[in-house]
Amino acid sequence: MREAAERKKGNGHRERVGAEDSDHHPRHRTSQPAGAGAIIAKNPQNLNFGGFSRCVVKRFIPQNKNETNKTITKTREYGLQFFNKKIEEKETVKITKKHRGWLGFGGAQMKDDAKADLKESFLWGYQDESGKSLEDHPLRGQNLWPSFLPSLQENCMDFFNQADLLAKDLLRGFAIAMNLDENFFLKNTSRPLSRASLVYYPSQPEKMGIDQFGVGPHTDFGTLTILCQDDVGGLQVQDINGDWFHAPPIQGTIIVNVADLLSRWTGGEYKSTPHRVVNSSSKERLSLVLAFDPNPETMIDPKEVHGKSFNSKEDPISCGDYLISVSYTHLRAHETPEQRRCRG
């Protein structure tokens, strides 16, 4: 579901900016996904405008609308409690080389020549019902949970599991829109490499300058990103002309973002979108994020999407190897200076 966004002109007038027309039309399909995936399957043209969309909460996992809203509210509540703790307490779950735990201010930087992002993060990933995480890949390991806030684990994992269902529902719609089997992108998702995070942005004083961002301009490197904004705002998206515009929070919606790996997987059929955050609201801001990726052994090959005759710009690669290959330019944003020095 595409929502129009707004941006301010120099004279203060608000110009509405919506999705451009597309020549991508729905193809014949024999099945129909439920929930949010149905929105994409019915309206695949919406996905050609860079890759940012909104899903109405009541349309994703319809039978669990109240549970979903409760999970988002509770996770945000405990997340704010965590970030407002003393540094000494948060350092008990300091981020590891497997990118699990708390990352403080100054630890994230999107480009070498940019200022450090003005944010804190708390990251976690897949774990089984007993609380055990997998250690089978360089980019995932045991989750770290603060003993001083035991309710954080339960709520974070509830969010992870519900957002995981949403991502899968959406990817079924993505597949059907391309006349693929609805489970094409979900063949190997029992041990996903997905990463979730709470991202905390303090209010950004104007005196910090226009080159200071809550998070600098970037595209997401994985498959699909699920973002729950609060009502503070600050997210900005770059359109295909290079212009930036606001993606204001709309109550009851969730942002869905195509990321780089899905763009590569589909040979550019779906495109990832540059975005950034500037929190000039004078309020603290907290986002809930799931970066969805399938199992590490999943092969990423556009020829499986378009046919053997497709002229792919890149060689086939596994999801796990791809994520490692982009770790230097992207995952360094979740490394401390000490980790970078150790890596060399």
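Cut-off values and rules
- Residues numbered from 1 in each chain as written.
- Predicted model: local features only at pLDDT ≥ 70, side-chain atom pairs only at ≥ 80, totals over all residues.
- Heavy atoms only, no water.
- Helix = DSSP H or I, 4+ residues; strand = E, 2+ residues; numbered from the N terminus.
- Polar contact = N/O pair within 3.5 Å; in protein donor to acceptor, adjacent residues only side chain to side chain.
- Contact = heavy atoms within 4.5 Å.
- Buried < 20%, exposed > 50% of the residue type's maximum accessible area, 1.4 Å probe, protein only.
- Pairing = 2+ DSSP bridges.

Colleague: A description of the side chain of Q127 should follow, citing residues and the corresponding values.
Modeller: Residue position: Q127 is located in the loop between β5 (120-125) and α4 (151-177). A polar atom in the side chain of Q127 sits 3.2 Å from the side chain of W145. A polar side-chain atom of Q127 sits 3.1 Å from a polar atom in the side chain of Q153. Among all residues touching Q127, those that are not within four sequence positions of it are K132, S133, N143, W145, Q153 and M157.

Colleague: Please provide a residue-by-residue account of the pairing of strand β13 (residues 285-292), values included.
Modeller: Most of β13 sits out of view: eight of its eight residues are buried. Side chains of β13 alternate between two faces, with R285, S287, V289 and A291 and L286, L288, L290 and F292 buried alike. Summarising the sheet, strand β6 (residues 195-201) and β13 pair through seven bridges and their orientation is antiparallel. By the bridge assignment, S197 is partnered in β13 with V289. Taken together, the five bridges between strand β8 (residues 224-228) and β13 define a ladder with antiparallel strand orientation. Note on β13: the bridge partner recorded for L224 is F292.

Colleague: Give a description of unusual backbone geometry that names residues and reports values.
Modeller: At H99, a residue that is not glycine, the phi angle is positive and equals roughly 65°. When you line up the elements, H99 lands in the loop between α3 (87-90) and β4 (101-103). Exposure remark for H99: the relative accessible area of 6% places this residue in the buried category. Despite not being glycine, N179 has its phi angle at roughly 65°, a positive value. Structurally, the position occupied by N179 is in the loop between α4 and β6. Under the relative-accessibility criterion, N179 is labelled partly exposed at 45%.

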